[in-house]
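A structural walkthrough
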Amino acid sequence: MTIKQALISVSDKEGIVELAKRLHQFGIKIISSGGTAKLLQEADIAVTEVSEYTQFSEMLDGRVKTLHPRIHAGILARTDLPAHQQALQQAGIPPIELVIVNLYPFIETIAQADCTLEQAIENIDIGGPTLIRAAAKNYRHVTVITDPDDYTVLLAEMEANKGSVSPEKRFQFAQKAFTHTARYDSAISNYLTATDSNSQRQHFPDALNLNFDIVQTLRYGENPHQQAVFYRDADSPPGSLANYSQLQGKELSYNNIADTDAAWECVKTFDAPACVIVKHANPCGVAIADNPLTAYQLAFATDPTSAFGGIIAFNRAVDAQLAEAILKQFVEVIIAPEFSQEARQTLAQKNNIRVLLVPLQTCSNQLELKRVSGGLLVQTSDSLNLSQHQLTIVSRAQPTPQQVEDCLFAWRVAKFVKSNAIVFCAQGQTLGIGAGQMSRIDSARIASIKAEHAGLSLMGSVVASDAFFPFRDGLDVVVEAGARAVIQPGGSVRDEEVIKAADEHGIVMMFTGIRHFRH
């Protein structure tokens, strides 16, 4: 059906003047309100104000503008039903075939640190969502546009269809419109149920509404018999994995995405050039150095066997020399904030390798979600990184500056290792990692065995334990392997026993006062 009349009411006025001019060229009558009508009038575009159209003035400081039968009957009428057409004719109400609306900036308002409850309430749109939902419900007869990016799509459709929009495209616009209002209402609910009447906010809303967009359908999930898709958080920050750009390679698998996220989140925590190699969601090699190539070589040396078919993450640009070194091993995914043109040409020699580009930005204040049967566990992210002044030396032996530096490095790595976690390190390089064991002593043994198999000496190394040593036996194992300093949370009922053991061995022990369980 040819569009003859449009209603335009937008908070975000980007591109609206240009669009209205084009609609006018199609011979479309435009109804508008408030600031939008004023903007169009200033641009010499013929427009009928809503109050003139409805013969009812805006009231309550603009809270009531478009909530009128003359507006909503024109939008909701089914033009294929004679009874609806007759009702419109009797009331003298022409159909409105196009509705262009976007909403008050509620999300942008509550993002401001000093936003009050009153300010948030005043930015809750009422008329806008009502217009959108009415038009979307009647999509078989009405086109609804909520995103300025769709203005060019709308005009292209009208050019191709002589002033009308195809049924398929109207349905797509309606889908987008209902998603738009759902997210808007979700933001309002999340905000209000996490806010008291004095504008005080809490971490978690009483009702949590989540919104995700599908990115891709995956070939299968963790195993071939499982179906899977990848969704992106509607508010995902630029530095998150979900906003990757894939430069080359096969499609990412379910396990690729999970492992790459683990590697990316770990490597971003380091200030120095760093490399993190992950296999099955656990770091199997981490190092920092003066340059990414050296960091990669040190990380790979930690556990070359496990690094086979792993995920490699860098927090610096990948150049051609580094790309050539990587190609000597089998790798599933390489992720970095930048790749030189020469590096891309080098990596193209093995075009199955997945190469991902993501901006190096910290994603703070994200909630971590974990699905359980019939529910959802939600927590704030474990973004705490310690500095030297936060450590407590509990042993008689005092650490050297290098031991402190290495302990902080090992502690940062341990945060990303599945519990129970034991991490041997020295000179900014992991030497042995024990992960995911039911007992801490087994993790300690595995970590030392890993180092032995890689031909790395643990003599003089440091060890990080993600939680306290419940008995001295785990400590005895790491000291026997060669560790001379240990960093752990402390807090066990047997802390005195463990500290005494450290003093017996003459090693350094420092407490963090926090733990880093990761399940």
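Computed from a predicted structure; not experimentally measured. (Residues numbered from 1 in each chain as written. Predicted model: local features only at pLDDT ≥ 70, side-chain atom pairs only at ≥ 80, totals over all residues. Heavy atoms only, no water.)

**Focus: helix 2 (residues 34-42)**
Rules: Under the scheme applied here, a residue whose accessible area is under 20% of the maximum for its type counts as buried, over 50% as exposed, and between as partly exposed, the area being computed with a 1.4 Å probe on protein chains only. Per the convention used, a helix needs a DSSP run of H or I reaching at least four residues, while a strand needs a run of E reaching at least two, with both numbered from the N terminus. The directions from the helix axis to the C-beta atoms are what the arc is built from. Any pair of residues with heavy atoms lying within 4.5 Å of one another is described as a contacting pair.
Buried within helix 2 are the following residues: Thr36, Ala37 and Leu40. One face of helix 2 carries all of its buried residues, which in axial projection span an arc of 95 degrees. Away from the buried face of helix 2 by more than 90 degrees, exposed residues Lys38 and Glu42 are located. Contact partners of the buried residues in helix 2: strand 1 (5-10), helix 1 (16-25), strand 2 (29-32) and strand 3 (48-49). The positive-phi residue at the C-terminal boundary of helix 2 is Asp44, with phi of around 60 degrees.

**Here's the deal with the domain arrangement of the chain**
Formally: Each domain's extent is set by a domain assignment, obtained either automatically or from a database.
Structurally, the chain comprises domain 1 (5-194), domain 2 (239-357) and domain 3 (388-511). Taking only C-alpha atoms into account, the centre of domain 1 sits 62 Å from that of domain 3.

**So, the sheet that holds strand 3**
Selection rule: Pairing between strands is defined by DSSP: at least two bridges between them are needed. Every angle, taken between N-to-C directions, lies between 0 and 180 degrees, and every axis is a line fitted to C-alpha atoms, over only the stretch in contact when it is a helix.
Spatially, 5 strands are ordered 3-2-1-4-5 in an open sheet, and the strand pairing comes out parallel. The sheet terminates laterally at strand 3 and strand 5 (143-145), the two strands that pair on one side only. Sheet strands in contact with helix 8 (residues 127-137) are strand 1, strand 4 (98-102) and strand 5, and its direction is about 145 degrees off that of strand 4.

**Considerations on unusual backbone geometry**
A negative phi holds for most residues other than glycine; trans holds for most peptide bonds. Geometrically, the link from Ser419 to Asn420 is a cis peptide bond, its omega value of -5 degrees lying close to zero. Topologically, Asn420 is positioned in the loop between helix 16 (401-414) and strand 17 (422-426). Look at Lys162: it is not a glycine, yet its phi comes out positive at around 55 degrees. As for its position among the elements, Lys162 is in the loop between helix 9 (151-160) and helix 10 (167-192). In this model, His280 sits at a positive phi of 50 degrees, which is unusual for a non-glycine residue. Since its relative accessible area comes to 64%, His280 is described here as exposed.

**A closer look at helix 12 (residues 292-302)**
Rules: Side-chain atoms alone can form a polar contact between residues adjacent in sequence; in general such a contact is a pair of N or O atoms within 3.5 Å, and within protein one must be able to donate a hydrogen while the other accepts it.
Within helix 12, the full set of buried residues consists of Pro292, Leu293, Ala295, Tyr296, Ala299 and Thr302. A side-chain oxygen of the first residue of helix 12 lies 3.2 Å from the backbone nitrogen of Leu293; this N-cap is Asn291.

**Quick look at the nonpolar core**
Test applied: In this text, buried Ala, Val, Leu, Ile, Met, Phe, Trp, Tyr and Cys residues form a nonpolar core when linked through side-chain atoms within 4.5 Å.
Membership of the largest hydrophobic core comes to 45 residues, with the highest contact counts inside it found for Phe270, Val276 and Val423. Sorting elements by how many residues they give to this core places helix 16 first, with 7 residues. Two domains each donate at least three residues to this core, and these are domain 2 (239-357) and domain 3 (388-511). Setting aside its immediate chain neighbours within four residues, Phe270 contacts Val276, Val286, Ile288, Asn315, Phe409, Arg412 and Val413.

**With respect to a negative patch on the surface**
Stated precisely, the cut-off is as follows: Each patch is built from residues that are more than 30% exposed by relative accessible area and take part in no salt bridge. Like charges join if they lie within 9 Å; nonpolar side chains (Val, Leu, Ile, Met, Phe, Trp, Tyr) join within 5 Å. Using the Shrake-Rupley algorithm and a 1.4 Å probe, accessible areas are obtained, with residue cover drawn only from the displayed protein chains. For this document, the term salt bridge refers to a Lys or Arg side-chain nitrogen within 4 Å of an Asp or Glu carboxyl oxygen. Charge assignment: positive for Lys and Arg, negative for Asp and Glu; neither His nor the chain ends contribute. Each charge is placed at NZ for Lys, CZ for Arg, CG for Asp and CD for Glu.
A cluster of like negative charges, contributed by Asp12, Glu14, Glu108 and Asp149, occupies part of the molecular surface. Following the sequence through the fold, Glu14 ends up in the loop between strand 1 and helix 1. Given the relative accessible area of 58%, Glu14 is considered exposed.

**Overview of the packing of aromatic side chains**
Rule in force here: Note on ring pairs: Phe, Tyr and Trp rings are taken, using the six-membered ring of Trp, and paired if centres are within 6.5 Å. Classes follow the plane angle, with under 30 degrees stacked, over 60 edge-to-face and the rest tilted. Put simply, a charge is over a ring when the Lys NZ or the Arg CZ is close to the ring centre, within 6 Å, and near the line of the ring normal, within 35 degrees.
Enumeration over the complete set of coordinates arrives at 7 aromatic pairs. Geometrically, the ring pair formed by Phe106 and Tyr184 is edge-to-face, given 6.2 Å between the ring centres and 65 degrees between the ring planes. Of this pair, Phe106 sits in helix 6 (residues 106-110) while Tyr184 sits in helix 10, placing them 78 residues apart in sequence. The same class applies to Phe106 as to Tyr184, namely buried. Both rings, one in Phe308 and one in Phe330, keep their centres 5.1 Å apart while their planes meet at 55 degrees; by these two values the pair is tilted. Within this pair, whereas Phe308 is found in the loop between helix 13 (304-307) and strand 11 (310-314), its partner Phe330 is found in the loop between helix 14 (320-326) and strand 12 (331-336), the two being separated by 22 residues in sequence. Residue Phe330 is classed as partly exposed on the basis of its relative accessible area of 40%. Positioned above the aromatic ring of Tyr53 is the side chain of Arg70, whose terminal nitrogen or guanidinium carbon lies 4.5 Å from the ring centre.

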